[in-house]
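Read off the chains here:
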Amino acid sequence: MAEPERRRRRPPVSCTLCRRRKLRCSRETPCSNCVKSRSGNCVYENFITHTQPRLDFGLGAGTKGSSDSSAAIAPSAPNYPNHSSQTSPKASSSTTGSTPASSSSQEVESLRSRIKQLEEQLSKTNLTSSRSPAPTPASNIEAINSRISGTFYIHHEDNLTGQREAIARSVTHKTRVFGQSHWITGFLLPYVRDESSRISVLMQKSKALARAIKDRRSPPWPCAPTTELPSKAVADELVDRYFRTVEPIWRILHIPTFRRDYEAYWMSASNELNTSFLVQLKLVLAIGATTYDELFSMKGVAMKWVYEAQTWVFEPGFKHRLNLQYLQTNILLLIAREFVDVGPDLAWISAGSLLRTAIYMGLHKDPKRLPMMSGFAAEMRRRLWNTILELSTQLSLTSGGPPFVSLDGFDTEPPGNFDDEQITAEYPVPKPEGEFTQTSIAIALRKTFAARLAIAKFLNDHGSRGTYAETLRLDTELRTAYKSVLRILHGYKSSAGARPSEFEVDMVSLLMNRYILSLHNPYFSPAMQQAAYAFSRKVIVETSLKIWRAMYESSAATPLLVSQSTPSTERSELPRLATCASGFFRIVTLQASVVIAMELMAQLQEEETLGPGLVRQDLLVIMEEAKSWSWKTIEAGETSIKGYFLASLLAADVEGRRKGFTKDELALYLLKVIEEAEEKCIPKLEGMLAQYQTESTIEELLQLPLDMETDPLGDWDFSMSGALFDFGNPEPVNWVFDETSLQEAFLL
């Protein structure tokens, strides 16, 4: 007797693509396999809804934290117990005799019932449990391993937000999480892999030298404040440089009061004054020292001044110091740490403490809503609160951390349009908006604060899941606000009275361009493959070009961008900050150069398929300028060679592609350039170290075993290039976009 035809009693729960390829389906819409294959057709043939995430209550195997390994709800009873609907043997035997159609219908209804029960359990769990939620398919984590830099985890946002391609939301490395505005998120990372060359040997030696230099150069801790200061001529120059660069942008000090106390110190025969002012003075000198000369010759003493201020601020029993002068000192210390390279990558943490201190003192409330105070005190409180808002948002953008500021968290009004001499009057009257004062630049920046804060929150807030449409909306809002500021600045420059300096105008432009660059940066790599993001690609390249031209002093570009009547000292202050200062100025310059290099590589690839004429000549010039700038940072005291390493590597890659090198020829050429760059830097580092110790100590350091174990990242923080270096793979050089897998080489 022929056997009856077998029919599938269990309805299919996988999508058609996974069933055809015999792959494990995550049962989402779209599923993880369809997302990876970029298939637009993720179709299910049954009637079960596949939009719910996987619910795991410890009944199945563990996952790896990625949606790729997430298992969908299993239809078998053991995995999802349902005590209220267990079937008896009698019911089971009756079911066996039922028709296939009715059996399938019953199983579908059973699955729906179980899904509903699990949804109810999940709802109760969310209401009663205070534990951290389990990873969901909306967060895909990609791990990148390297021998020297350790493991980087790239958190991709799933396509549930409507993006055409998964976007990197953050990067985790060791104990730090970098948000979307951090420059390393969404960038091209180089992997140098060649154990047979001298690259790894030289790299280890440079790291050892850099660590030794930092150890010898750093002052002892704690470092109590002393009365030692440079000569009055030098001090006058440093104070003037501070007031030309920092004070117009971030209003902190009352200039007449500070200058009066400053002159009183030099007039005093015993040079005795209170410690509070001495600490403030040394921080002002340290900030001014960053633009004193091109080599940052005062870096060692500037670091000592910052250490002294840090020691004084950390003294216990500071409740009696909760006044405006103490707040001014903390703001100056935060800026000095960024400028002088004293833990600039952790300044965002200190900014949070500064913000809470200001709130504790009531600066988030407008003086009109506080007990009666003088006009001077009220205006200084508004200025300091405005500066704290600016620094908190800027450091949020630089570090990739949330800003922890909201527009509904304060009601303090913007500073008034006063010159400093005015606010000492009993009832000061602000000048008209069209008249330039010592506070006009800070007021102009405040007009764009809401738009910039929205961008920082959009990029770095934990719950932010913005779309590309939201990115374009924020771009429009910032540009609209910036245009109104530009009209005001142009009005100042055309007036007959006081005018903003070229440095002040360039700083406003730099800050605005930094936000625009960070806003579009996550879409730069996807724009190479997706035409939908072409606008972001254009914005990023043009913005990076503007930033580079402002931060690098090029003799060819100067006549076009700067008036010949501008003093030479004023022209050089912003490029000097890019070379000598760390933190924001160093990062934004590096980021601009890397973006331009990536764009050139993409244009060279496009030339191979679309024909010649696509490479922009104005971008090619920047490759050599980036090498020159990176070398200047080392001459100015930078101990990490990775900036020069990266600039040399990018320039060589572009040059090799232009010359038509094959893959093997290009790989050998890059290895040669890398080795030459490192060999050039080693003697420079040895010369720095020689300033701090004897020749015998240097010899002992250089004879350290080459196979010694070192910390994976050590003091190679992210104030410079965060490039990863891996010497364990036989592939000589590999360029990998963050949106691709590690197996997909850029050198094809």
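Structure shown above.
Now for a look at the structure at hand. This is a predicted model, so every value here is computed, not measured.

### A look at the overall build of the protein
Across its full length, the protein carries 25 helices and six strands. Looking at the protein as a whole, 54% of its 748 residues qualify as buried. Long-range pairs, those at least 24 residues apart, make up 73% of the contacts in the protein between residues at least 6 apart in sequence. Carbon and sulfur atoms make up 54% of the accessible area of the protein, which amounts to about 34,300 Å² in all.

### Some thoughts on the environment of valine 485
Residue placement: valine 485 occurs in helix α15 (residues 468–494). Residue class for valine 485 comes out buried when judged on its relative accessible area of 1%. As for valine 485 and isoleucine 441, which are separated by 44 residues in sequence, their C-alpha atoms are 9.3 Å apart. Ignoring anything within four residues of it in the chain, the contact list for valine 485 reads Ala444, Lys447, Thr448 and Val508.

### Concerning the side chain of threonine 311
Its place among the elements puts threonine 311 in helix α9 (residues 299–313). Taking the relative accessible area as the measure of exposure, threonine 311 reaches 11% and is therefore buried. Engagement of the side chain of threonine 311 in a polar contact is seen with the backbone nitrogen of cysteine 223, the distance being 2.9 Å. At a separation of 2.9 Å, a polar atom in the side chain of threonine 311 contacts the main-chain carbonyl oxygen of tyrosine 307. Among all residues touching threonine 311, those that are not within four sequence positions of it are Trp221, Pro222, Cys223 and Ala224.

### Concerning the nonpolar core
Among the nonpolar cores identified, the biggest contains 128 residues, and Phe339 and Phe585 are the most heavily contacted of them. When residues in this core are grouped by element, the largest group, 14 residues, is from helix α21 (residues 584–610). Here phenylalanine 339 is in contact with Val246, Trp250, Ile287, Thr290, Phe296, Leu577, Cys580, Ala581, Ser582 and Phe585, once residues within four sequence places are set aside. Within the second largest apolar cluster, 14 residues are counted, among which are Ile213, Trp631, Ile682 and Met688.

### Examining the pattern of salt bridges
It is possible for side chains bearing opposite charge to pair when their charged atoms get close. Applying the stated criterion to the full structure yields 34 salt bridges. Residue aspartate 341 is joined to lysine 299 by a salt bridge in which the shortest nitrogen-to-oxygen separation is 3.9 Å. Remark: lysine 299 occurs in helix α9 and aspartate 341 occurs in the loop between α10 (324–340) and α11 (347–360); sequence separation between them is 42 residues. Overall, the relative accessible area of 17% leaves aspartate 341 in the buried class. Across the pair glutamate 638 and arginine 586 runs a salt bridge whose closest N-O atoms are separated by 2.7 Å. Pair noted here: glutamate 638 is in the loop between α22 (617–635) and α23 (642–658) and arginine 586 is in helix α21, with a separation of 52 residues, a long-range link. Classification of arginine 586 by relative accessible area gives buried; the value is 3%. A network of salt bridges, in which partner residues are shared, links Glu247, Arg251, Asp366, Glu379, Arg382, Arg383 and Asp420.

### Points about unusual backbone geometry
The residue after threonine 29, namely proline 30, is reached through a cis peptide bond having omega -5°. The topology assignment puts proline 30 in the loop between α1 (16–21) and α2 (32–36). The amide bond that connects tryptophan 221 to the next residue, proline 222, takes the cis arrangement and shows omega of 0°. Relative to the elements of secondary structure, proline 222 occurs in the loop between α5 (199–217) and α6 (232–245). Even without being glycine, lysine 22 reaches a positive phi, approximately 60°. Counting through the fold element by element, lysine 22 comes out in the loop between α1 and α2. Unusually for a residue other than glycine, phenylalanine 296 sits at a positive phi of about 50°.

### Structural notes on the packing of α15 against helix α18 (residues 534–551)
Closest axis-to-axis distance for the α15/α18 pair is 11 Å, and the angle between their directions is 40°. One element, α15, and the other, α18, form an angle in the oblique class. In terms of crossing hand, the pair formed by α15 and α18 is left-handed. The residues of α18 that touch α15, namely those facing Tyr468, Leu472, Asp475 and Arg479, are Phe535, Ser536 and Val539. A per-class count over the contact of α15 with α18 returns four nonpolar, one polar and two charged.

Each value, and the rule that gives it
Residues numbered from 1 in each chain as written. Predicted model: local features only at pLDDT ≥ 70, side-chain atom pairs only at ≥ 80, totals over all residues. Heavy atoms only, no water. Helix = DSSP H or I, 4+ residues; strand = E, 2+ residues; numbered from the N terminus. Buried < 20%, exposed > 50% of the residue type's maximum accessible area, 1.4 Å probe, protein only. Contact = heavy atoms within 4.5 Å. Areas by Shrake-Rupley, 256 points an atom, 1.4 Å probe, with all protein chains shown as cover. Polar contact = N/O pair within 3.5 Å; in protein donor to acceptor, adjacent residues only side chain to side chain. Core = buried A, V, L, I, M, F, W, Y, C linked by side-chain atoms within 4.5 Å. Salt bridge = Lys/Arg side-chain N within 4 Å of Asp/Glu carboxyl O. Axes fitted to C-alpha atoms, helices over the stretch in contact; angles between N-to-C directions. Parallel < 35°, antiparallel > 145°, perpendicular 65-115°, else oblique. Left-handed = near helix turned anticlockwise from the far one by under 90°. Nonpolar A, V, L, I, M, F, W, Y, C, P; charged D, E, K, R; others polar.

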